[in-house]
Amino acid sequence: MKLRQIPTLLGVTVALSVVANGAVITLDNLDIRSGGVFGHDAGVGTPAAQQGGSGTVQVNGAAPTNVNTAANPLDIVVTYSGLNLDGDASANDVVTFTLRLAGTGARTMNQGVDAGFGALNGLTLSMLSVSGTTTDLGDTIVFDGFTQLTVAKGSSTANTGTVDVTGFGESAQGASLVTTGGVFQFVQDAVDFAGPVSSVSFSNTVSDGGTMVARSYDLQFSTVPEPSVALLGALGMLGLFRRRR
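Structural notes, computed from the coordinates. (Residues numbered from 1 in each chain as written. Predicted model: local features only at pLDDT ≥ 70, side-chain atom pairs only at ≥ 80, totals over all residues. Heavy atoms only, no water.)

1. Structural notes on unusual backbone geometry
Consideration 1: The step from Asn-72 to Pro-73 runs through a cis peptide bond, and the omega angle for that step is 10°.
Consideration 2: Within the secondary structure layout, Pro-73 lies in the loop between β5 (69-70) and β6 (74-83).
Consideration 3: One non-glycine residue, Asn-29, lies in the positive phi region at around 55°.
Consideration 4: Structurally, the position occupied by Asn-29 is in strand β1 (residues 25-33).
Consideration 5: With relative accessibility at 35%, the residue Asn-29 sits in the partly exposed group.
Consideration 6: Even without glycine at this site, Asn-204 takes up a positive phi of about 55°.
Consideration 7: Residue placement: Asn-204 occurs in strand β15 (residues 199-207). (Helix = DSSP H or I, 4+ residues; strand = E, 2+ residues; numbered from the N terminus. Buried < 20%, exposed > 50% of the residue type's maximum accessible area, 1.4 Å probe, protein only.)

Right, dumping it as structure tokens:
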């Protein structure tokens, strides 16, 4: 009995080793504005809008422009290529995802996203959909969550601003911004989440002048390996073994 069980378990072990080779990638500093996507980490993939692509970054179904776009919700579709999410040597994986910014007054502008000039109250950021499989292994690409978010303030005078940033399932964290005046300044403050969070909300905005915007986001993606032929075969062997017992 033991001699028949050993090769069966060995087959399962080998099969699992075949599929357990996915990677985790974080797209850092994904900077969304009315003009498109900027500020990404060039060492990890390339958003198609900055490859000269047409219509691959869309704001509510239209190509991005430098004109403010207000809607509730705002859906921003982004395609990223040049990723390595199946853990092989080729950075040839592509993912398309839709970010949703919802809330009264939600809009994209040339500095970022806000809920009306100088305010972020009631704005919620979430991932609406993700589409993509790795090129070589056919693994499904999934969104793990947001790991960091940056809030920014722009002003040519001395101003302060604060806002509470809450990752889903976590406690609120305060972002604080100060401009000293004299010349136009654009200051930023990053909020790190304890773990990848599925959504982020903003509340308690206090600002005595200048803009307040959600500026950039860190997004973590990983893969769910598809069952391989080896795994299916091993499971079949295990089932046959159990029936014979």
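Back to the write-up after that little detour.
2. Focus on the nonpolar core
Consideration 1: Counting residues in hydrophobic clusters, the biggest one holds 42 residues, and the most contacted among them are Phe-97, Phe-146, Val-165, Phe-202, Tyr-217, Leu-219 and Phe-221.
Consideration 2: If we skip the residues at most four places from it in the chain, Phe-202 touches Leu-120, Asn-121, Gly-122, Leu-123, Leu-149, Val-151, Val-163, Asp-164, Val-165 and Ala-214. (Core = buried A, V, L, I, M, F, W, Y, C linked by side-chain atoms within 4.5 Å. Contact = heavy atoms within 4.5 Å.)

3. Concerning the pattern of salt bridges
Consideration 1: Tallied over the full model, the rule gives 4 salt bridges.
Consideration 2: Residue Asp-75 is joined to Arg-100 by a salt bridge in which the shortest nitrogen-to-oxygen separation is 2.7 Å. Separated by 25 residues along the polypeptide, Asp-75 in strand β6 and Arg-100 in strand β7 (residues 93-102) bring together distant segments of the chain. (Salt bridge = Lys/Arg side-chain N within 4 Å of Asp/Glu carboxyl O.)

4. Here's the deal with the pairing of strand β11 (residues 140-155)
Consideration 1: Across the 16 residues of β11, 13 count as buried, placing the element largely inside the fold.
Consideration 2: Of the pairings in the sheet, the one linking β11 to strand β16 (residues 211-224) comprises 13 bridges and is antiparallel in character. Paired with Leu-149 across the strands is Tyr-217, a residue of β16.
Consideration 3: Two strands pair when backbone bridges link them, and β11 and strand β14 (residues 185-197) are joined in this way by 9 bridges, in the antiparallel orientation. What sits directly across from Phe-146, in β14, is Val-197. (Pairing = 2+ DSSP bridges.)

5. A closer look at the packing of aromatic side chains
Consideration 1: With the rule as written, the count across this model stands at 4 aromatic pairs.
Consideration 2: Considering the side-chain rings of Tyr-80 and Phe-97, the 6.5 Å spacing of their centres and the 20° angle between planes classify their relative orientation as stacked. Here the residue Tyr-80 occupies a position in strand β6, and Phe-97 occupies one in strand β7, the gap between them amounting to 17 residues. In this pair, the class of Tyr-80 matches that of Phe-97, namely buried.
Consideration 3: Aromatic pair Phe-143 and Phe-146: ring centres 5.0 Å apart, planes at 70°, arrangement edge-to-face.
Consideration 4: The class for Phe-143 is buried, based on a relative accessible area of 18%.
Consideration 5: An aromatic cluster of at least three residues, connected via ring pairs, comprises Tyr-80, Phe-97, Phe-143, Phe-146 and Phe-221. (Phe/Tyr/Trp six-rings, centres within 6.5 Å; stacked < 30°, edge-to-face > 60°.)

Taken by themselves, the reported measurements are silent on function.
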